[in-house]
Amino acid sequence: MSEQLNPLWKHFIQAVEEEVKPALGCTEPVSLALACAIAAEQLPGEVTRIEAWVSPNLMKNGLGVTVPGTGMVGLPIAAALGAIGGNPHGGLEVLKGVPADAIARAKAMLAEGKVQVGLQEPCDEILYSRACVYAGEASASVTIAGGHTRVVQIMRQGECCFELNEQPQGEEVDPLAVMSHASLAQILSFAEQVPFSAIRFILEAARLNDALSREGLKGNWGLHIGATLVRQRERGFIASDLGSEILVRTSAASDARMGGATLPAMSNSGSGNQGIAATLPVLVVAEHLQAGEEKLARALMLSHLTAIYIHYQLPRLSALCAATTAAMGAAAGMVWLLDGRYETIAMAINSMIGDVSGMICDGAANSCAMKVSTSVGSAWKAVMMALDNSAVAGNEGIVTNDVEQSIANLCALACGSMQATDRQIIEIMASKAR
């Protein structure tokens, strides 16, 4: 990173580097798989049994999602696969390259009833997993809390051998903390003016998520929404235009990810679907405009950083479907490619807040691709309205004339009253599981 960058821009880049990472599979089961992989690494022999406990929100997002390469859903298969074949140093790609024999052994462990996953109660952490892995009489446990890959404790045979030191180190600033003092105007200025060389890395998001989209169109993944829309487009039921191409390619990437494809997504804020929603619409519009790499990189940086900025004001997991807020980032990126003005970006985001702010998150599953599709469809509609100088007015609902206040109002709902909604969603899902 160039030393000539001003401090705010450096923090913006660090925030994107922290929050935009490759992830293979839904990140909540992957978090448990990582805990199991790290625990298994501490053991001298073959894994024989696993006991794990997770937070209600992590359980919510792990009940119905397919674990890549297994054709199975749920947290137990993720735990077993992580312990038997996972890469303990792989982070969100802990399950990348797991061999077929490890998948077979993991399934056998489940069939023998040797994997148990329960709720951690009480649990103050939204993201929490604790895995105790056994190899005969030997045991090791790993706790991840406060983030998908944030290991806070490792124990062997009941003895603590690692505990995260929470003491601040010198003058170092949390790159995400800068979001509490940032603004959309500053993010736009950064995306337009930062040297291309400092943000070229964001093009990897386009490469990874485009590959996932192409896989989604080839295979029968998940709800195969993208492939279905292509077939209906060929029948003349929907138009073959830029708007439908955005829906097709974005939905297809989510189809593949939620359906268990063994390709990584470039995530945003700990979610592959958020990364997909922030990337594919911008890429499709850039291709339509025949924009070069630098233009695409700036639009992607604006999209991903806007998504991070909004999500920073939310709980890490909540009852609000964050595909909506990631797609607000995409709206900003698309507007910038087509128009470039802050006022137009603000109108588009305001319209989205007036449109999809009530979409709930009821766990990770194939239906997430529907919500991704709805979110990017709303983004494109809001962009088209903004380009025509039309937007949801500031006297309507939670929307105000100041887009920053509109975002704050939306996030206040997620942090406040929607916490009760989240608890009721988890109760409904738990009763179904029983």
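Each value, and the rule that gives it
- Residues numbered from 1 in each chain as written.
- Predicted model: local features only at pLDDT ≥ 70, side-chain atom pairs only at ≥ 80, totals over all residues.
- Heavy atoms only, no water.
- Core = buried A, V, L, I, M, F, W, Y, C linked by side-chain atoms within 4.5 Å.
- Buried < 20%, exposed > 50% of the residue type's maximum accessible area, 1.4 Å probe, protein only.
- Contact = heavy atoms within 4.5 Å.
- Helix = DSSP H or I, 4+ residues; strand = E, 2+ residues; numbered from the N terminus.
- Pairing = 2+ DSSP bridges.
- Axes fitted to C-alpha atoms, helices over the stretch in contact; angles between N-to-C directions.
- Parallel < 35°, antiparallel > 145°, perpendicular 65-115°, else oblique.
- Nonpolar A, V, L, I, M, F, W, Y, C, P; charged D, E, K, R; others polar.
- Phe/Tyr/Trp six-rings, centres within 6.5 Å; stacked < 30°, edge-to-face > 60°.
- Lys NZ or Arg CZ within 6 Å of the ring centre and 35° of its normal.

Teacher, can you tell me more about the nonpolar core here?
Soluble globular proteins tend to bury their nonpolar side chains together. One finds Phe12, Phe190 and Ile407 to be the most contacted residues of the largest nonpolar core, which totals 92 residues. Those residues in contact with isoleucine 407 that sit more than four places away from it in its chain are Leu184, Tyr309, Ile310, Gln313, Ile349 and Ile353. Within the second largest apolar cluster, 48 residues are counted, among which are Ala33, Leu58, Leu95 and Val151.

Could you clarify how one ought to interpret the pairing of strand S6 (residues 128–135) in this entry?
Side-chain direction in a regular strand flips from residue to residue, so the side chains alternate between the two faces of the sheet. With seven of eight residues buried, S6 is to be regarded as a mostly interior element. Bridge count between strand S2 (residues 49–54) and S6: six bridges; the pairing is antiparallel. Paired with isoleucine 50 across the bridge in S6 is valine 133. Where S6 meets strand S7 (residues 138–145), eight bridges bridge the pair, whose relative direction is antiparallel. If you follow cysteine 132 over to S7, its bridge partner there is serine 141.

Would you take a moment to explain helix H9 (residues 225–234) for this structure?
The α-helix winds at 3.6 residues per turn, so residues separated by three or four positions along the chain end up facing the same way. Buried within H9 are the following residues: Ile225, Gly226, Ala227, Leu229, Val230 and Arg233. Of the residues flanking the end of H9, it is glycine 236, one or two places downstream, whose phi is positive at about 90 degrees.

For this particular structure, what's the right way to read the packing of helix H1 (residues 7–19) against helix H6 (residues 184–193)?
Describing two packed helices takes the angle between their axes plus the distance from one axis to the other. In the contact formed by H1 and H6, the axes pass within 11 Å of each other and the chain directions differ by 90 degrees. Looking at the two axes, H1 sits roughly perpendicular to H6. When H1 is examined against H6, the residues Leu8, Trp9, Phe12 and Ile13 are found in contact with a partner set consisting of Gln186, Ile187, Ser189, Phe190 and Gln193. Residues belonging to the contact of H1 with H6 are distributed by class as follows: six nonpolar, three polar and no charged.

What is the right way to look at the sheet that holds S2 in this model?
The strands making up a sheet are joined through hydrogen bonds of the backbone, oriented either antiparallel or parallel. Spatial ordering of the open sheet is given by S5-S2-S6-S7-S8-S9, a layout of six strands whose pairing is mixed. Since the sheet does not close on itself, it has two edges, and those belong to strand S5 (115–119) and strand S9 (159–163), each with one partner. Shown here is a sheet whose adjacent strand axes are inclined to one another by a mean of 15 degrees, direction ignored. Alignment of S7 against strand S8 (residues 151–156), held across five bridges, turns out to be antiparallel. Across the sheet, residue valine 142 finds its bridge partner in S8, namely isoleucine 154. Packing against the sheet, helix H4 (residues 75–85) makes contact with S2, S5 and S6, and its axis sits at approximately 125 degrees to S5.

Sorry, what's going on with the packing of aromatic side chains here?
Under the definition given, this model contains two aromatic pairs. Ring geometry for tryptophan 9 versus phenylalanine 190: centroids 5.9 Å apart, planes at 70 degrees, classification edge-to-face. Of this pair, tryptophan 9 sits in helix H1 while phenylalanine 190 sits in helix H6, placing them 181 residues apart in sequence. Just as tryptophan 9 is buried, phenylalanine 190 falls in that class too. Both rings, one in phenylalanine 12 and one in phenylalanine 190, keep their centres 5.3 Å apart while their planes meet at 65 degrees; by these two values the pair is edge-to-face. Linking phenylalanine 12 in helix H1 with phenylalanine 190 in helix H6, this pair joins segments that are 178 residues apart in sequence. Taking relative accessible area as the criterion, phenylalanine 12 reaches 0% and is therefore assigned buried. A relative accessible area of 0% places phenylalanine 190 in the buried class. Each member of the aromatic cluster is reached from another via a ring pair, and the members are Trp9, Phe12 and Phe190. Taking the ring centre of tyrosine 134 as reference, the NZ or CZ of arginine 49 above it sits at 3.8 Å.

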